[in-house]
Amino acid sequence: MNSPLPVPARLPLTRRRLLSATGALGLGALLTACGADDDGARAGSGSGDDAGEGGPWSFEDDRGRTARADELPRRIVAFISTAAALHDYGVECTGVFGPSEPIGGKPNPQAGDLDLTKLTSLGRAWGEFNIEKYAALRPDLLISNMFPPPDLWYVPAESVKKIEALAPSVGITGGRVSLRQPLTRYTELAQSLGADLTAKKTVDAKARFDRAEKTLRAAAEAKKADGGLKVLAMTGDAEQMYVGVPDSYCDLNYFKDLGVEFVEGEKSDEFGFWEFLSWENADKYHADLIMVDNRSTALPAAELAKRPTWNRLPAVKADQITPWSMEERYSYAGYAPVLEQLAATITKSRRLA
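Residues numbered from 1 in each chain as written. Predicted model: local features only at pLDDT ≥ 70, side-chain atom pairs only at ≥ 80, totals over all residues. Heavy atoms only, no water.

**Q** Help me understand the overall build of the protein, please; the structure alone is not making it clear to me.
**A** In terms of helices and strands, the protein carries twelve helices and 13 strands. Going through the 353 residues of the protein one by one, you find that 58% of them count as buried. Of the roughly 14,600 Å² of accessible surface on the protein, a fraction of 49% belongs to carbon and sulfur atoms. (Helix = DSSP H or I, 4+ residues; strand = E, 2+ residues; numbered from the N terminus. Buried < 20%, exposed > 50% of the residue type's maximum accessible area, 1.4 Å probe, protein only. Areas by Shrake-Rupley, 256 points an atom, 1.4 Å probe, with all protein chains shown as cover.)

See below:
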C-alpha cells in the first residue's frame, strides 16, 4: 500500500506498522442527539464570534493541548478529509495533505466537496509533507486526525518538530471512540473558526444525518428480528487481507451502537486495528455482507477478484459487497450519505448459509 492504515505515526515506519492501522454550542437542541456523550468529547475553548471581532483565538484539542493565536486563524492547512469536513461548515483551508488523487476516474471520497484546484497540496502519499511549501503558505494553523493521540495523521514523525514550530496545531481523535465524538469535536472546531452553525446548509445536513441514523437503526433491528446479518469490514494488499476490529474504528463502533452486527476481528498486534489473514485464510469468518475499504490505497476490486479465496466467499458470490468509507470526513454532511447507503445495503442483503 502507498499509505498506512491507522497506527500512531510517531513509530518507526516499518512495513508492519504501515499496515497495522492504516457539539456545537450554537446549534443548541439540534445537536443534542449527537452532542457531548459518553465518549467524553472535550469542549473547545475557542470562540468564533470573539475571534471574528479581532480577539484572541484558542481551542483545546483531543491531546489536551490548547492551540492559540492572536486572531482568528485564516491560513489553515489540514489533512484532506479534515479540510473537507471544515468546508462543509464554510471554513476554508489554504493547503492540504494526504490522498486526494481520483479513484477510477472519480473524485477521491476523502476530498468530499473540496475544489482541489484552489488548494495547495503538500503531498499525497504517506511520508510526503513538503515543509518548504508549508512554510511558504505562512500557516496560522495545522489540523489533522489522530489514530489514536497524540500523533497527527500523515504528519511525518521525523519532521514533526520543524512542522509544529511554524504554526499551532490541533488534533482530533478518530480511533477507539464512537463516531459521535469526532463529529461533535469538528462542529466545535468549525464554530471556533467562525462557522455559522445556524446556516441552512449546516442545519439541513444535521437533519439529514438524524434521519439517516434512524433509518440505519431500523434496518439493523429488522435484520436482527429476521435472524441476523453478519457484517465484516476489511481492506487488503497483495499479501494479506485485514479484518477490522470494530471497537477500534469510530464508524464501526457507532454502527454497532445502532445495532449492526459485525464480525469481530482479533487484534493481531499492539495497535489493535486489524486481524491479519493470509489470502489462503480469507475464509476464516463467515460474513453475510462485506464492507470494502474505498480509499485509493486499498486493493481495488479488480485485484481482489484475482484471488480465488476472495471469490469463494459467500458474500462475494452473492454480490453482497458495499464500500467502507473508512476515512470519511467527520461532518454530518459527510456521514449522512454513508449511513443511508449502509442502511439500504443491509435492507436488501440476506442472511447466507
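Let us keep going from here.
**Q** Got a minute to help me understand helix H7 (residues 200-225) in this structure?
**A** Because an α-helix packs 3.6 residues into every turn, residues spaced three or four apart end up facing the same way. Between its first and last C-alpha, H7 extends 38 Å over 26 residues, near the 38 Å set by a 1.5 Å rise per residue. If you check which residues of H7 are buried, you get Thr 202, Ala 205, Lys 206, Phe 209, Asp 210, Ala 212, Glu 213, Leu 216, Ala 219, Ala 220 and Lys 223. Buried residues in H7 make contact with helix H3 (80-88), helix H6 (180-192), helix H8 (250-257) and helix H12 (332-348). Where H7 terminates, the next one or two residues include Gly 227, which has phi positive at roughly 110°. (Expected span 1.5 Å × (residues − 1). Contact = heavy atoms within 4.5 Å.)

**Q** In this structure, what is going on with the pattern of salt bridges? I would like to understand it.
**A** Between side chains of opposite charge, a pair can form when the charged atoms approach closely. This model, assessed by the stated rule, comprises 22 salt bridges. Between Asp 113 and Arg 329 there is a salt bridge whose closest N-O contact spans 3.8 Å. In this pair, Asp 113 is assigned in the loop between strand S4 (95-97) and strand S5 (120-121) and Arg 329 in the loop between strand S13 (321-324) and H12, connecting sequence segments 216 residues apart. Each of Asp 61, Arg 63, Arg 65 and Glu 164 takes part in salt bridges that share partners, so that together they form one network. (Salt bridge = Lys/Arg side-chain N within 4 Å of Asp/Glu carboxyl O.)

**Q** I would appreciate a short explanation of the packing of H8 against H12 in the present structure.
**A** Each packed pair of helices is defined by two parameters, the angle between the axes and the distance between the axes. Relative to each other, H8 and H12 sit at 55°, their axes nearing to 13 Å. On the basis of the axis angle, H8 is oblique to H12. For the crossing formed where H8 meets H12, the hand is right-handed. For the pair formed by H8 and H12, the contact residues are Asp 251, Tyr 254 and Phe 255 on the first element and Tyr 335, Val 338, Leu 339 and Leu 342 on the second. Each residue belonging to the contact of H8 with H12 can be placed in one class, and the counts come to six nonpolar, no polar and one charged. (Axes fitted to C-alpha atoms, helices over the stretch in contact; angles between N-to-C directions. Parallel < 35°, antiparallel > 145°, perpendicular 65-115°, else oblique. Left-handed = near helix turned anticlockwise from the far one by under 90°. Nonpolar A, V, L, I, M, F, W, Y, C, P; charged D, E, K, R; others polar.)

**Q** Is there a simple way to explain the nonpolar core in this structure?
**A** It is characteristic of soluble globular proteins that their nonpolar side chains tend to be buried jointly. Trp 57, Ile 143 and Phe 255 are the most contacted members of the largest nonpolar core, which totals 84 residues. One finds Val 243, Leu 304, Val 316 and Leu 352 within the second-largest nonpolar core, a separate group that totals 19 residues. (Core = buried A, V, L, I, M, F, W, Y, C linked by side-chain atoms within 4.5 Å.)

**Q** What exactly am I supposed to notice about the pairing of strand S6 (residues 141-146) here?
**A** Among the six residues that make up S6, six are buried, leaving the element largely enclosed by the rest of the structure. Bridge count for S6 against strand S7 (residues 169-173) is five bridges, and the pairing is parallel. By the bridge assignment for S7, Ile 143 is matched with Val 170. (Pairing = 2+ DSSP bridges.)

**Q** Please explain the sheet that holds strand S3 (residues 76-79) as it appears in this structure.
**A** Ordered by their spatial adjacency, five strands build an open sheet running S5-S4-S3-S6-S7, and the pairing between neighbours is parallel. Two strands close off the open sheet at either side, each with one partner strand: S5 and S7. Alignment of S3 against S6, held across three bridges, turns out to be parallel. Bridge assignment links Val 77 to a residue of S6, and that residue is Leu 142. The sheet strands contacting H6 are S6 and S7, and the helix crosses S7 at an angle near 155°.

**Q** Quick question: what am I supposed to make of the pairing of strand S12 (residues 289-293) here?
**A** Side-chain positions along a regular strand alternate between the two faces of the sheet. Here S12 lies mainly inside the structure; five of its five residues are buried. Here strand S8 (residues 230-236) pairs with S12 via four bridges, running parallel. Residue pairing in the sheet places Ala 233 in a bridge with Met 291 of S12. Pairing of S12 with S13, which is carried by four bridges, proceeds in the parallel orientation. Paired with Asp 293 across the strands is Trp 324, a residue of S13.

**Q** I tried to follow the environment of Arg 138 on my own but got confused; where do I start?
**A** Among the structural elements, Arg 138 can be located in the loop between helix H4 (131-136) and S6. Along the sequence, Arg 138 and Val 77 sit 61 residues apart, while their C-alpha atoms lie 9.7 Å from each other.

**Q** How should H3 be read in this particular structure?
**A** Burial runs high along H3: nine of the nine residues are buried. Where H3 is concerned, the buried positions are Ile 80, Ser 81, Thr 82, Ala 83, Ala 84, Ala 85, Leu 86, His 87 and Asp 88. At its buried positions, H3 is contacted by S3, S4, S6, H6, H7 and H12. In the segment just after H3, Gly 90 is the residue with positive phi, at about 90°.

**Q** For this particular structure, what's the right way to read the side chain of Lys 223?
**A** Tracing the backbone through its elements, the reader meets Lys 223 in helix H7. For the buried Lys 223, no salt bridge is present, and the opposite-charge side chain at shortest range is Asp 226, 4.7 Å distant. Setting aside chain neighbours within four positions, we find Lys 223 in contact with Gly 228, Leu 229, Ile 346, Thr 347, Ser 349 and Arg 350. (Lys, Arg positive; Asp, Glu negative; His and termini not counted.)

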